[in-house]
Amino acid sequence: MHMATTLTINGETKSFDAPPDMPLLWVLRDILGMTGTKFGCGIAQCGACTVHVDGKAVRSCVLPVSAVSNRTVTTIEHVGSTPAGAKVQKAWLEAEVIQCGYCQSGQIMAAAALLAATPHPDDSDIDAAMAGNICRCGTYVRIREAIKQAANGRQS
Amino acid sequence: MSGKMRIFTGIVVIAIVAIGIGVFVIRGPGPLDFAGGTKVALVDYRAGKPTGVPAKLEKAGLVERGEYLAKAADCMVCHTKPGEKDYSGGLAFKLPFGTLYSTNITPDKDTGIGNYSDRDFLNAVQHGKRRDGARLYPAMPYTSYTFMTGEDVLAVKAYLFSLPAVRAKAPDNTLSFPFNQRWAMIVWSAVFNPDTRFAPDTSKSPEWNRGAYLAEALAHCGECHTPRNLGFALDNRRKFAGAITAGWRAFNISSDKATGLGSWSDQDLISYLSVGHAPGHGSASGPMGEAVDHSFSQFAPEDIRSIVAYLRSVPAVPSPDLPATTAPVAPASHRDGVTADARGKMLFAGACASCHGWSGESPVSPMATLTGTWAVNDPAATNVAQIVISGTKRHTPEGALSMPAFGNAYTDDEIAAVANYVTARFGTKGSKLTAKDVAELRGQTAD
């Protein structure tokens, strides 16, 4: 069963037909063509698909589209226009965090949500917010460093 | 009579009386005795029709009526091994004294019930007697189904016989002595099977009577939610007070305000039964999740309301091991609240926090909210551990939402740590599960 759905994504109103139980990730990638958000595990265990729903980091692979109809979605395509997202992306480039890059849109979304809620996180805050975002290249050390740079505005 | 003979006779009489009293005490009241009103035979009841199908199916054919009743009796869940054909049996019930396998109830003549006459089928469902005369073990809830009318039982049979025959032989049971002695079930059945049909209570409303029939004869709520006595039969002195079944805790569904359903609104109960979730009360998982998916979600709305009306009348029995109130929302920051178990916290951060949040209120869906659920407020953490092990999936009109199974990803030690952290952070009292406890819980679930 398909149904007409309207969502606010990245500040724009998008209308499309989708089954109500289709995960938001499928809508983003396959229907709306926004492929910046990645599919990793499909069971909310790797973090590659992280987006913001009402400003909070959420795994879009397990989130039925029917559950976000009245909420605001932000994806990696737009996070640079939020203050925290802009800081994170700048620090990410400066620290050269990325290796293969597959997990990185999820890492950036999780880090931006962390900084929006906790502007000056310490290591335990970073652990609590980022532990669910897995990086097979092992860029964790640079991720941690970049989050601190973004928070403190200093150059390494 | 000689002196010796008199003494012998006296001893025999005393023994018989003692056994009689023992049986009476162990057996206790029947499932509907609490109501206390005037019972009449079904044929003499004029106020309503507590048995059969709901009004919308009154004119339906026998098979369709049977399908509704088979779903209401939830035959399928126990008579289907996951991944196998519906009703083809083979599900393993792991008991402390061995494993029982459910039987194939498709109409296959060799391995199913294809040769069962109406009388054979009634004997099995109402009396616990197999076609070959052997007795059924009470894992088959015939002490509940015995309250079904013959007409309803035979409608279920017509439905089962309309299904494709599946050739599938269940493995042999592996019960240890003395439990492997099937003949002993003749005695068990004589003591514990009320072997009587549902009798309406004229002091109660027609809605209550319909609810009583559905809950007791068909849905067999008590089989999981009522504690068992020394004879492994239902102890209706503590009716619906909650029990552990197949490694999961079936919580208190008596009308107790603190630990039962007494403070649930009608809408909460209707929602929980029909979609498996009620805001602030969590989501049905494990065996109750299956009962919702395959049985309650298929009920007519008026039948759900009848069950709710009936549940309301069951006397309050408290669960002393549960807190009087569930814990409030946990702090939004990981820093605040319980942080004692560093390992549990690390696991929670990596595997759980993205859906359940640090506060317990899920950013994903109210169905994944932990706050207010009995699972996290149970200091034994039984269901928390089981849900972590086997995951859960809820189907709703808006779509499905699932939690993955972590049983193969995490060790017993890790599952114990995360369950202890979750109950401490989101419940009233942290659990003290050990790896050994988790291993035991893994061993008890049906598969």
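A short tour of the structure in this document, coming up. (Residues numbered from 1 in each chain as written. Chains lettered and ligands numbered in written order. Predicted model: local features only at pLDDT ≥ 70, side-chain atom pairs only at ≥ 80, totals over all residues.)

1. Overview of the overall build of chain B
Argument step 1. For chain B, the count of helices and strands is 17 helices and eight strands.
Argument step 2. Computed over the C-alpha atoms, the radius of gyration of chain B is 23 Å, within 12% of the 22 Å expected from 2.2 N^0.38 for a compact globule of 447 residues.
Argument step 3. Dimensions along the principal axes, computed over C-alpha positions, put chain B at roughly 80 × 65 × 50 Å.
Argument step 4. For chain B, with 447 residues in total, the buried portion stands at 45%.
Argument step 5. Relative to all contacts within chain B whose residues are 6 or more apart in sequence, the contacts with residues 24 or more apart total 68%. (Helix = DSSP H or I, 4+ residues; strand = E, 2+ residues; numbered from the N terminus. Rg over C-alpha atoms; globule rule 2.2 N^0.38 Å. Buried ≥ 20, exposed ≤ 12 C-beta atoms within 10 Å, placed from the backbone. Contact = placed C-beta atoms within 7 Å.)

2. A few points about the nonpolar core
Residues and elements named next belong to chain B.
Argument step 1. Among the nonpolar cores identified, the biggest contains 87 residues, and Ala385, Val418 and Ala419 are the most heavily contacted of them.
Argument step 2. With nine residues, helix α16 (residues 412–426) is the single largest residue contributor to this core.
Argument step 3. Those residues in contact with Ala419 that sit more than four places away from it in its chain are Ala381, Val384, Ala385, Val388, Ser431 and Leu433.
Argument step 4. Membership of the second largest hydrophobic core comes to 64 residues, among which are Ile113, Leu136, Ala278 and Val292. (Core = buried A, V, L, I, M, F, W, Y, C linked by C-beta atoms within 7 Å.)

3. Side note on helix α15 (residues 382–390) of chain B
All names here are of chain B.
Argument step 1. Of all nine residues that make up α15, nine are buried, and the element is covered over most of its length.
Argument step 2. Turning to α15, its buried residues number three or more, namely Thr382, Asn383, Val384, Ala385, Gln386, Ile387, Val388, Ile389 and Ser390.
Argument step 3. Directly after α15, the chain includes Gly391, whose backbone phi takes a positive value near 70°.

4. Examining the packing of helix α2 (residues 62–72) of chain B against helix α6 (residues 150–161) of chain B
Axis angle and axis distance: for two packed helices, these are the angle between their axes and the distance between the axes, and together they describe the pair.
Residue and element names in this part refer to chain B.
Argument step 1. In the contact formed by α2 and α6, the axes pass within 7 Å of each other and the chain directions differ by 105°. On the basis of the axis angle, α2 is roughly perpendicular to α6. Across the interface between the two elements, Leu62, Val63, Arg65, Gly66, Glu67, Leu69 and Ala70 from α2 touch Asp152, Ala155, Val156, Ala158, Tyr159 and Leu160 from α6.
Argument step 2. Here the residues of the contact of α2 with α6 sort into nine nonpolar, one polar and three charged. (Axes fitted to C-alpha atoms, helices over the stretch in contact; angles between N-to-C directions. Parallel < 35°, antiparallel > 145°, perpendicular 65-115°, else oblique. Nonpolar A, V, L, I, M, F, W, Y, C, P; charged D, E, K, R; others polar.)

5. Details of the interface of chain B and chain A
Argument step 1. Taken residue by residue, the interface counts 19 residues in chain B and 21 residues in chain A.
Argument step 2. Within the residue set of the side of chain B that touches chain A, elements represented by two or more residues are α13 (342–356) and β8 (399–403) of chain B.
Argument step 3. At seven residues, α13(B) tops the list of elements feeding residues into the side of chain B that touches chain A.
Argument step 4. Here the side of chain B that touches chain A is composed, by residue class, of eleven nonpolar, six polar and two charged.

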